[in-house]
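Structural description and commentary
So you can see what is in the structure, the chains are spelled out below.
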Amino acid sequence: MQVDEPVQEIVQYIEAGRDRFIADLKEWLAIPSVSGDPAYATEVRRSAEWLADYLRGQGFPTVEIWDTPGLPAVYGEWPAADPSAPTVLIYGHHDVQPVEPLDEWDTAPFEPVEDGDRLIGRGSSDDKGQVFFHTLGIRAGLAASGAGAPPVTIKLLVEGEEESGSVHFAGLLRERRERLGCDAVVISDTTMWAADVPSMCTGMRGLTEAEVTLRGPSSDLHSGSFGGAVPNPLHAMAALMAALHDADGRVTLPGFYDDVVPLSDEERALFAKLPFDEEEWLRTAGGSRAPYGEKGYTTLERVWARPTAEINGMWGGHTGPGGKTIVPREAHAKISFRLVAGQDPAKVQQAFRDWVAANTPHGVEAEVHIPGGGVRPCFSPIDSPGVKAARRAMERAFGREVLFTREGGSGPEADLADILDAPLIFVAVGLDDDRIHAPNEKVEIPLLLKGAEAAAYLWEELATALR
């Protein structure tokens, strides 16, 4: 098959720039931008300043450091030559996770090293490496086209607090909404199925949590004198938690599924194409002995596209050595809900409060504590123009069919979509075995280069698709 000249030039540019690209990335990775530890605040700022200087050197006409009440973000903008061209925002983050336990690292976490095709160091995959491939992709596309500006206006927003909860991110988006206006948001902070099975994420689950306390008598009681004659809060809690699911594994909160966006037949068929080995997956799930969950769905569908309620802990009464024959005065449980496209954490929180109130037995007092507003889910339909364009770009780079996944984790993506009123497009080349958040984090260098190639194609694809 003959490769057209612009594509060949893009590939050659990326290959020629490989060593310089990796050397620059190593320099950035060496900055310990740990956002969760206040002791590293100056390093997070140094990381932002390094990136800002780098983007200026790459040709971005506008580069700014945006301060927040916490840690800084970096903003870059490169206008298209055509003022009517679409605008695309790239989102990523330059902060990283803590590195402990240090004794489990084979190399110094902030002294990145190459090991064959792997680059090892904190942030190599999550997310500095995946932010960085866009810079190479932009330059490759410009070199191949001979143009002085990209075919779409590119805006780049690189957050400094993602690994510590994006506490100030929504406020930053609202404050800078006009500057950040765009037709789509490209997210490069997820993973592919495998190096030889390229895929695109189309959604991330949301999250909300709750703690329930049930109170009975004002003090622990002698079980011989009072047992069986007064309500036992632990009995009540066990019954309450058991009632959270029905026999088919469905959550019993009234209205819990009302807003869920159902899986399409096409999505289910594409999920089924993934080479998923359930027995191997169970081994990675702590040696779990069998799959479990909502009836009528596969394991991948349950993890990616169906909402859940999990009992994270239950306690109360005597838990120390030996016996203590009591009716305990109170019982406690922690519950988390993973939410999917269409669900609102606030509605689920209220539904849970109402359900607990309706199902607490007479003589027991219930208190529900909900910490915060939760995290909203996000979703990108696979038939949307942006996702279809990105899939074409990925397939051009990888030379094979690109499948779809979703992810069970949660981030600030829903805020980006809602506040900026723009659809999300996930283009990323990380892998599940990159050990993100763990010792010996790594990224596959050939995949970073493929990411750059896909990014080079992406802008011309979106220039047409988003008009």
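All of these numbers come straight from a predicted model, not from anything done at the bench. (Residues numbered from 1 in each chain as written. Predicted model: local features only at pLDDT ≥ 70, side-chain atom pairs only at ≥ 80, totals over all residues. Heavy atoms only, no water.)

1. Looking at helix α3 (residues 41-57)
Put simply, the rule is: Here a helix means four or more residues in a row that DSSP labels H or I, a strand means two or more in a row labelled E, and each is numbered from the N terminus. Helix span is expected to be 1.5 Å times the residue number reduced by one. Each residue gets one of three labels from its accessible area relative to the maximum for its type: buried under 20%, exposed over 50%, partly exposed in between, using a 1.4 Å probe on protein chains only. Only heavy atoms matter for contacts: two residues are in contact if any of them lie within 4.5 Å across the pair.
Here α3 spans 25 Å end to end across 17 residues, near enough to the 24 Å set by a 1.5 Å rise per residue. Among the residues of α3, those classed as buried are V44, S47, A48, W50, L51, A52, Y54 and L55. Taken together, the buried residues of α3 touch α2 (18-29), β1 (62-66), β2 (73-78), α4 (128-145) and β6 (153-159). Following α3 by one or two positions, G59 adopts a phi angle in the positive range, close to 110°.

2. With respect to the pattern of salt bridges
Going by this rule: Each reported salt bridge corresponds to a side-chain nitrogen of Lys or Arg within 4 Å of a carboxyl oxygen of Asp or Glu.
The full count for this structure, using the stated rule, is 35 salt bridges. Between E401 and K273 there is a salt bridge, and its shortest N-O distance comes to 3.1 Å. Within this pair, whereas E401 is found in the loop between α12 (385-398) and β17 (403-407), its partner K273 is found in helix α8 (residues 265-273), the two being separated by 128 residues in sequence. Note on E401: relative accessible area 39%, which makes it partly exposed. Here K442 ties to D433 by a salt bridge, and the two come within 3.1 Å at their closest N and O atoms. With a relative accessible area of 3%, K442 lands in the buried category. One salt-bridge network, in which partners are shared between bridges, spans R118, D433, D434, K442 and E444.

3. Describing empty space enclosed by the protein
To keep it simple, the criterion reads: The method works on a 1 Å grid over the protein atoms by themselves. A cavity is a set of points holding a 1.4 Å probe that cannot get out, a pocket is an open set with protein on both sides within 12 Å along at least five of seven lines, and residues with an atom within 4 Å of a point line them. Grid points are joined across faces, edges and corners, and a volume is the space filled by probe spheres set on the points. As a working rule, the residues Ala, Val, Leu, Ile, Met, Phe, Trp, Tyr, Cys and Pro are called nonpolar, Asp, Glu, Lys and Arg charged, and the rest polar, with Gly in that last group.
Enumeration according to the criterion identifies one cavity of 30 Å³ or more in this entry. Taken together, T68, L71, A73, E159, G160, E161, H168, F169 and L172 form the lining of the largest cavity. Of the residues belonging to the lining of the largest cavity, the class tally is four nonpolar, three polar and two charged.

4. Section: the UniProt feature "domain: Peptidase M20 dimerisation" (unreviewed entry) in the protein
This is how it is decided: UniProt positions are given in the numbering used here, feature names are shortened, and annotations may be inferred rather than shown by experiment.
As annotated by UniProt and renumbered to match this structure, "domain: Peptidase M20 dimerisation" (unreviewed entry) occupies residues 203-362. This span, residues 203-362, is 32% helix and 22% strand, and a straight line between its end C-alpha atoms measures 42 Å.

5. As for the domain arrangement of the protein
So the rule is basically this: In this document the domain limits rely on a domain assignment from an automatic tool or a database. The buried area of a pairing is the accessible area, by a 1.4 Å probe, that goes missing from both parts when the two are put together, added over both. We define a polar contact as two N or O atoms separated by no more than 3.5 Å, with the added condition that, inside protein, one atom must be a possible hydrogen donor and the other a possible acceptor, whereas residues neighbouring each other in sequence contribute only through side-chain atom pairs.
Assigned domains of the protein: these are domain 1 (5-203 + 377-466) and domain 2 (206-260 + 307-369). Taken over C-alpha atoms, the centre of domain 1 sits 41 Å from the centre of domain 2. Facing five residues of domain 1, the contacting portion of domain 2 comprises seven residues. Of the roughly 440 Å² buried where domain 1 meets domain 2, counting both sides, 63% is carbon and sulfur surface. Run the count over domain 1 and domain 2 and you get zero salt bridges. If you look at where domain 1 meets domain 2, you find zero residue pairs in polar contact (both at pLDDT 80 or more). Across the side of domain 1 that touches domain 2, the residue classes break down as two nonpolar, three polar and no charged.

6. Quick look at helix α11 (residues 345-359)
Each full turn of the α-helix corresponds to 3.6 residues, which orients residues three or four apart in the same direction. Taking 1.5 Å per residue, 15 residues should reach 21 Å; α11 reaches 21 Å between its end C-alpha atoms and fits that length. In this structure, the buried residues of α11 make contact with β10 (206-215), α7 (233-242), β14 (330-339) and β15 (365-369). You can read the cap of α11 off the contacts: a side-chain oxygen lies 3.0 Å from the backbone nitrogen of A346, and it is on D344.

7. Structural notes on the packing of aromatic side chains
For any pair of aromatic rings, geometry is given as the distance between the ring centres together with the angle between the planes. Defined as follows: For this analysis, a ring pair means two rings from Phe, Tyr or Trp (six-membered ring only for Trp) whose centres lie within 6.5 Å, classed as stacked if their planes differ by under 30 degrees, edge-to-face if by over 60, and tilted for the remaining angles. Criterion for a charge above a ring: Arg CZ or Lys NZ at most 6 Å from the ring centre, at most 35 degrees from the ring normal.
In this structure the tally under the stated criterion is 17 aromatic pairs. Both rings, one in Y91 and one in F169, keep their centres 5.4 Å apart while their planes meet at 55°; by these two values the pair is tilted. A residue pair is termed long-range when its members are at least 10 positions apart, and Y91 in strand β3 (residues 87-93) and F169 in helix α5 (residues 169-175) qualify at 78 residues. As far as burial versus exposure is concerned, Y91 and F169 are alike and both buried. An aromatic cluster is present here, built from F21, W28, W50, Y54 and F132 joined pairwise through their rings. Residue placement shows R176 over the ring face of W66; its charged tip is 4.4 Å from the ring centre. For the cation-ring pair, R250 lies above Y257, with the distance from its terminal atom to the ring centre recorded as 3.9 Å.

8. Notes on the sheet that holds strand β4 (residues 113-115)
Short version of the rule: A strand pair is defined by DSSP finding two or more bridges across the two strands. Fitted lines through C-alpha atoms serve as axes, helices being fitted only where they are in contact, and the angles separating the N-to-C directions of these axes extend from 0 to 180 degrees.
With antiparallel pairing, three strands are arranged side by side in an open sheet as β4-β5-β20. Looking at which strands have only one partner, the edges of the open sheet turn out to be β4 and β20 (442-444). Taken pair by pair, the neighbouring strands of this sheet meet at an average axis angle of 25°, ignoring direction. By the bridge criterion, three bridges tie β4 to strand β5 (residues 118-120) in an arrangement that is antiparallel. Looking across to β5, one finds that V113 is bridged to I120.

9. Let's talk about the nonpolar core
Where we set the bar: Only buried residues count toward a nonpolar core. Its members are Ala, Val, Leu, Ile, Met, Phe, Trp, Tyr and Cys residues joined through side-chain atoms within 4.5 Å.
Counting residues in hydrophobic clusters, the biggest one holds 78 residues, and the most contacted among them are W459 and L462. When residues in this core are grouped by element, the largest group, 13 residues, is from helix α14 (residues 445-465). Here W459 is in contact with V88, I90, H134, I138, P151, V152, I154 and V186, once residues within four sequence places are set aside. In this structure, V251, V260, V340 and V368 belong to the second largest nonpolar core, which totals 28 residues.

10. Digging into the sheet that holds strand β12 (residues 308-316)
What the four strands build is an open sheet, ordered β12-β14-β10-β15; its pairing is antiparallel. This sheet does not close on itself; its edge strands, each paired only once, are β12 and β15. Taken pair by pair, the neighbouring strands of this sheet meet at an average axis angle of 20°, ignoring direction. Of the strand pairs in this sheet, β10 and β14 are connected by ten bridges, and their pairing is antiparallel. Bridge pairing in β14 places E211 opposite K334. Relative to β10, α11 is tilted by about 20°, and along the sheet it contacts β10, β14 and β15.

11. Some remarks on the packing of helix α1 (residues 5-16) against α14
Under the convention used in this document: If you view the pair so one helix is near and one far, a crossing is left-handed when the near helix is turned anticlockwise from the far one by less than a right angle, and right-handed when it is turned clockwise.
Contact geometry for α1 and α14: axes closest at 10 Å, N-to-C directions at 145°. Handedness of the crossing formed by α1 with α14: right-handed. Residues V7, I10, V11 and I14 of α1 form the contact with α14, whose own contacting residues are L449, A452, E453, A456 and Y457.

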